[in-house]
Each structure stands twice: as C-alpha cells, then as structure tokens.
Amino acid sequence: MAPNTQVLTICLSRIGDVCRMRMYDIILKKREGRELTTGEIKHFIAGYTAGDIPDYQASALLMTIYFQGLSDRETVDLTMAMSDSGERAALSAIPGIKVDKHSTGGVGDKTTLVLVPLVAAAGVPVAKMSGRGLGHTGGTVDKLESIPGFKAELEHGKFIEQVSMTGAAVVTQTGHLAPADKKLYALRDVTATVDSIPLIAGSIMSKKIAAGADAIVLDVKVGNGAFMRDIESSFKLARTMVSIGNLAGRRTVALVTGMDQPLGYAVGNALEVKEAVETLRGRGPGDLVELCMALGSVMLLLAGKAGNLETGRKILSDLLVSGKALEKFKDLIAAQEGDPRVTMEDGFLPVATIIEDVPASYTGYVQAVHAGKIGRAAMLLGAGREKKDSPIDLSAGIVLRKKAGDRVVAGETTAVMHTGDKQNLTAIKKIIQKAYEIGEKKPELQPLIYGMVPESL
Ligand code: URA
C-alpha cells in the first residue's frame, strides 16, 4: 500500500473529520504560502510521531516551513502538538513555584551549573531536565557527569523527592517528553532545516512546556558562537518563545545575550565545573557572574522571592558571599551520588594528560575571541561530540588566558589546550590562534546583555 493511502486508512478509523487530510495537500498548501489549520498541524505531528507519515514527506514540509515560515498561531499550534505528543512531567508534588531556565546554547556556557544551586539556595525549587550536548562541548548533563560518581539518570519519583528534600536536581531529559520534537529535531539536523525561527521556538518551548515548570527564563544567545548570528533574529526568536510560553500559561521572560566570545574562561566539561565552583565561591569571571545575576534575578522575580530585579540581585550576591550557594551545589552533587569534594578542593575532577599553551601570533589588543572557532577547537580536542554517539573526553577543553580588550605580546600565552589525544594538536593550535583577532587599538567591547523581552500577558 502506498504510504499516503496507509495514512488515510489509519486516519479514517481513528480521527473522523481529520481523515480527509493528506500530507501531500498539507505540503502543497504550505508551499503556496497558505496558513495551515490547527487540525492539519495536529495531523502532521500525530502521524509523524506514530510513524505513519514517512521522513520524505516530513522533510518536504520542514523545508517549505523553512522558506515560507509559520504565522504566530501556526507556531503555537505546532508547539502544543509537539508538547502533547508524549508525557508531561508532573511537578505538582513539589511545593512552591518551579522556575526553569533555558539557554539556546553557546561556548563556555556553564550558567546552569551556577544558577541551579544559587536559585535553589534562595528557596526556589529547581527541577531541571537537561540534555547531553552535540557540538562544541557537552551539555549540562555531560558537564555534571565529569564529577566522579554523578548520576543524572534518576527515576521520576526520585527526581521529585530530591527536589522536595534538597531544593534542586538536574537529570537527563526523558525521551517520553515531546517525542515528536525528538524525532523532528533529528530529521532537521540532517535536512538543513535547524535554523528556522518558528521551528527552533517550537522545538525548545514544546520541551519546556512538557517539563512542567510554572515559569521559564530564556537566555537567547546572539553572535558567532550561537544559532542566531544577528540581533534582530535573536529578538524575534526571543519574542516568539515568550509569547508561546505565555499563551501556554507559563510566565516566560527572555534575555538576549552576547555569544561572540566564550562565556568565562573555561570551555570543556570538567574545566567548566571547576569554573562554576569558583563562581559559587564568589570568585567567578565578570561576564559569567553578571549573566548569572541577570538571569537569576528574573528567576527570583517570577518565583515571587524578590519584589524587583535589584532585590533579586542582592539576595543572590549574599548567597555567593555567605557560601550558601556553594553548599547547595555540594548537597545536590551528594544527593546524585557524585563526589562532593569537587566543591572543596582541587584534585577530584578528571585532568587531561596533555596540557599545552597556545602563544599569541602578534602584539596588540585582543579585538575578539571568535567563540565559534574556540568551540570547534574544543570539540576537536575531545570536549564535544561531532556525532550523537561519539565518545567525549570529560577532561578536555580550552582555558582562555586572554579575552577581548586584553593586551597581549607576541609569544605570550593566549589560551591553554587540555586533551588526551596528541593527534592534530598543531592544526587545533592554529584554529585557536585564528580565533584571536589582534589589533593595535583597544577595542570597544560588545555588550553582554542586549535586552530583555518581558512577559506579554
Ligand atoms: N535547541 C532545541 O532544542 N531545538 C532547536 O531547534 C534548536 C536548539
């Protein structure tokens, strides 16, 4: 039986009215730039998740969406259909307003490692589901798994119990949440349809909505190390996600933040955990601390723990100074069977066998440290995965010694490579040297935070 006939037959027995729909007609309608109905979008998502709609038709629709776009209403329908395609995490047993945080991803972005214990120490329960990474370095789960013994695969009941007892938990996202997105994201990855604003917004928000938090704070990155390369598109993505979140009944706010150079100095899993611990000790790099304050204060505001952003910042900086945020990280690690000594002293995180300096090629001021190139170099050193199943070296990565605005002399160390693999070191060193743009004048620095998209309720 031809696949369309098969879908039609299954449909007829299952969904009554929707049955007259055919994927061919849906693709054609979108190709002609017409708006799809809620029913057509539901038909596509339900049929694709069930395996009734083949990849070639789903790919064709994704490509037409890539070129024709989706209206706001279609984007919300797509998000809700994907969110409804699987289970919803039930967080209601955890008392209090649960606030989630999501970053669209960047190089050296370890804010989740800092924010989860910091915000939890302020009394906001954080039930965080996170992913393993593809690309530059691992995701938050990979970073945490560089802590010896740390377990991120918690059964749901245990997850809820830990958040209720400790105030925070970070676990791997189960495949049961938004399975439609999981399948479609994998297809987008191989059909050059990832960088479409409605598709990205729908993908991220379908998972956030299914993950069950009451409020969501989004960090939308812009720059050469991010999905979005220009400020206008980043704000558009941020506004689209905020409006979807609000329409789904979740208080949602976004910050648009810079990703032209890596955040902080460390890029790589264990290296980032070490920098996060330093930050929780009150000794973090300026940009990382500032971003954590900005995102964290919005989280406290939405959770009702601070009346305004200034008060939120004060609460958070007191928690860093008093050591309570670091103590919370220690509790979280211990609850998930990790070695809590990583929060106390050096020597408990994996260390690379090869550590080699990268000298500056010129004398002058660092104009820019190209985040995309540093990310690529970190991945080649073993810190990230080129393919979904590639192995990852948790000790590998790069520690920057110089960032934009710093003075450097030719031959001085700009960055340090950490790896377990001596192959390709010369080529990787060249990539890092190319990432450093050095010029005569002290540059004007790019802003870290471009703006906020408030709730649109
Ligand atoms: N992250 C997601 O989860 N989905 C996208 O489409 C892009 C980034």
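Source: prediction; values computed, not measured. (Residues numbered from 1 in each chain as written. Predicted model: local features only at pLDDT ≥ 70, side-chain atom pairs only at ≥ 80, totals over all residues. Heavy atoms only, no water.)

J.: In this structure, what is going on with the overall build of the chain? I would like to understand it.
T.: On a plain count of helices and strands, the chain comes out with 17 helices and 13 strands. Taking 2.2 N^0.38 as the reference for a compact globule, 457 residues should give roughly 23 Å; the C-alpha atoms of the chain span a radius of gyration of 23 Å, in line with that estimate. Over its C-alpha atoms, taken along the principal directions, the chain stretches across nearly 70 × 50 × 40 Å. Here the chain holds 457 residues, and 55% of them are scored as buried. Within the chain, counting contacts between residues at least 6 apart in sequence, those at least 24 apart form 78% of the total. When the accessible area of the chain is evaluated, it comes to approximately 19,300 Å², of which 53% is carbon and sulfur surface. (Helix = DSSP H or I, 4+ residues; strand = E, 2+ residues; numbered from the N terminus. Rg over C-alpha atoms; globule rule 2.2 N^0.38 Å. Buried < 20%, exposed > 50% of the residue type's maximum accessible area, 1.4 Å probe, protein only. Contact = heavy atoms within 4.5 Å. Areas by Shrake-Rupley, 256 points an atom, 1.4 Å probe, with all protein chains shown as cover.)

J.: When you look at the environment of D195 in this model, what are you seeing that I'm missing?
T.: Within the secondary structure, D195 sits in the loop between α9 (179–189) and α10 (197–210). When its relative accessible area of 44% is taken as the criterion, D195 is described as partly exposed.

J.: Would you mind going over the side chain of R188 with me for this structure?
T.: Within the element layout of this structure, R188 appears in helix α9. Of the side chains bearing the opposite charge, D181 lies closest to the buried R188, which forms no salt bridge; the N-O distance is 4.6 Å. Those residues within four positions of R188 in sequence are excluded, and the remaining contacts are L62, T193, V194, L199, I200 and S203. (Lys, Arg positive; Asp, Glu negative; His and termini not counted. Salt bridge = Lys/Arg side-chain N within 4 Å of Asp/Glu carboxyl O.)

J.: I would appreciate a short explanation of the site of the ligand in the present structure.
T.: The environment of the ligand is formed by Y185, R188, I200, S203, I204, K207 and F227. A distance of 2.8 Å is found between an oxygen atom of the ligand and a side-chain nitrogen or oxygen belonging to R188. One of the side-chain N or O atoms of K207 is found 2.5 Å from an oxygen atom in the ligand. Counting residues per element, the ones that place at least two in the shell around the ligand are α9 and α10. The element best represented in the shell around the ligand is α10, accounting for four residues. Class assignment of the residues belonging to the shell around the ligand gives a composition of four nonpolar, one polar and two charged. (Near = heavy atom within 4 Å. Polar contact = N/O pair within 3.5 Å; in protein donor to acceptor, adjacent residues only side chain to side chain. Nonpolar A, V, L, I, M, F, W, Y, C, P; charged D, E, K, R; others polar.)

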